[in-house]
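As a plain string of letters, each chain reads:
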Amino acid sequence: MKKKNILILIFSILLLPNIVNAREMCDYDDKTRLQRIASNIASSYTYKEEKNEETGFNTVKFTVTLTNMHDDVVIIDEETNEHYYNNADREIVIENIKPGKYLKFLVYGNIDNCREEKVTTIYVTLPSFNKYYTDELCRNIPDYSLCNKWANIKMTHEKFTQKVQAYLDSLIVSSENTASENQESVFEIIIAFLAKYSLIIFGSIIIICAGLIFYLVRKDDFDLSIK
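Heads up: these notes are all about the structure in this document. Counting from 1, residues in each chain are numbered in the order their sequence is written. The predicted origin of the model limits local features to residues at a pLDDT of at least 70 and limits the giving and counting of side-chain atom pairs to 80 or more, whereas totals for whole chains, interfaces and linings rest on all residues. To obtain the side-chain values, all non-hydrogen atoms of the structure were used and water was disregarded.

**Quick word on the state of the cysteines**
Right, so step 1: The term disulfide is used for any two cysteine sulfur atoms that are within 2.5 Å. Applying the stated rule across the entire model yields two disulfides.
Right, so step 2: The side chain of Cys138 participates in a disulfide bridge whose partner is Cys147; the two sulfur atoms lie 2.0 Å from each other. Taking the sign of the S-S torsion, about -75 degrees here, the bridge from Cys138 to Cys147 comes out left-handed. Comparing Cys138 with Cys147, the two get one shared label, buried. Think of it in three bands: residues with accessible area under 20% of the maximum for their type are buried, residues over 50% are exposed, and the middle band is partly exposed, with areas taken using a 1.4 Å probe on protein chains only.

**A short note on the pattern of salt bridges**
Right, so step 1: When a carboxyl oxygen of Asp or Glu lies within 4 Å of a side-chain nitrogen of Lys or Arg, that pair is called a salt bridge. Here the structure, examined in full by the defined rule, presents seven salt bridges.
Right, so step 2: Glu50 serves as the salt-bridge partner of Lys48, at 3.3 Å between the closest nitrogen and oxygen.

**A closer look at the sheet that holds strand S1 (residues 42-51)**
Right, so step 1: Any two strands with at least two DSSP bridges between them are considered paired. Each helix is a run of DSSP H or I of at least 4 residues and each strand a run of E of at least 2, with the numbering of both proceeding from the N terminus. Here we have three strands laid out as an open sheet, ordered S1-S2-S5, and antiparallel in their pairing. Of all strands in the sheet, those bounded by a partner on one side alone are S1 and strand S5 (91-97). When the angles between neighbouring strand axes are averaged without regard to direction, this sheet yields 20 degrees. The axes used here are C-alpha line fits, helices contributing only the stretch in contact, and every angle between their N-to-C directions lies in the interval 0 to 180 degrees.

Pasting the structure below:
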């Protein structure tokens, strides 16, 4: 009997940690509810553009906003490890973010037994910013790739100027070639028309001239007969 009690005690000691851990685990219902909460969190961003007086070029800073926050979740910026909790406005505002950043926000549970449970990840990709897009060379070609406001341009201003100027020069040459081709096309159309209808045209001219000569001759004869 004593031996049996010892075995039960040993078994209980071995089983107890598993029972405790089971109670501390985030159960299915909690996970489902947290996932539903996380799915309602929305991300958006705005930007503020200012001119840098030192460089003469514009700069941009982004503001990322996470809305529909909830007390039962916490958001962690993977890069900075900054923790964001719900507040009275139910939104998180993160300012002064550089363009071209790829942000990952990890959503974790913020309730007992689920604090180590990662619910989902929110991704926010911010566009790059082309500080040269306001350059005078881009005034008439805003759709050119190097003049796009959100293009990822990594070159010196000197190199940028060379490339854009080369593009502008190519447009001038293309325009001149088009004008020359148009002139040649008009000339070719005229030649083709004359070649196709030469018999009709020259025949008509001969008939008109003959008729005119006949008219003049008859007119002279008529004038003489009256005298």
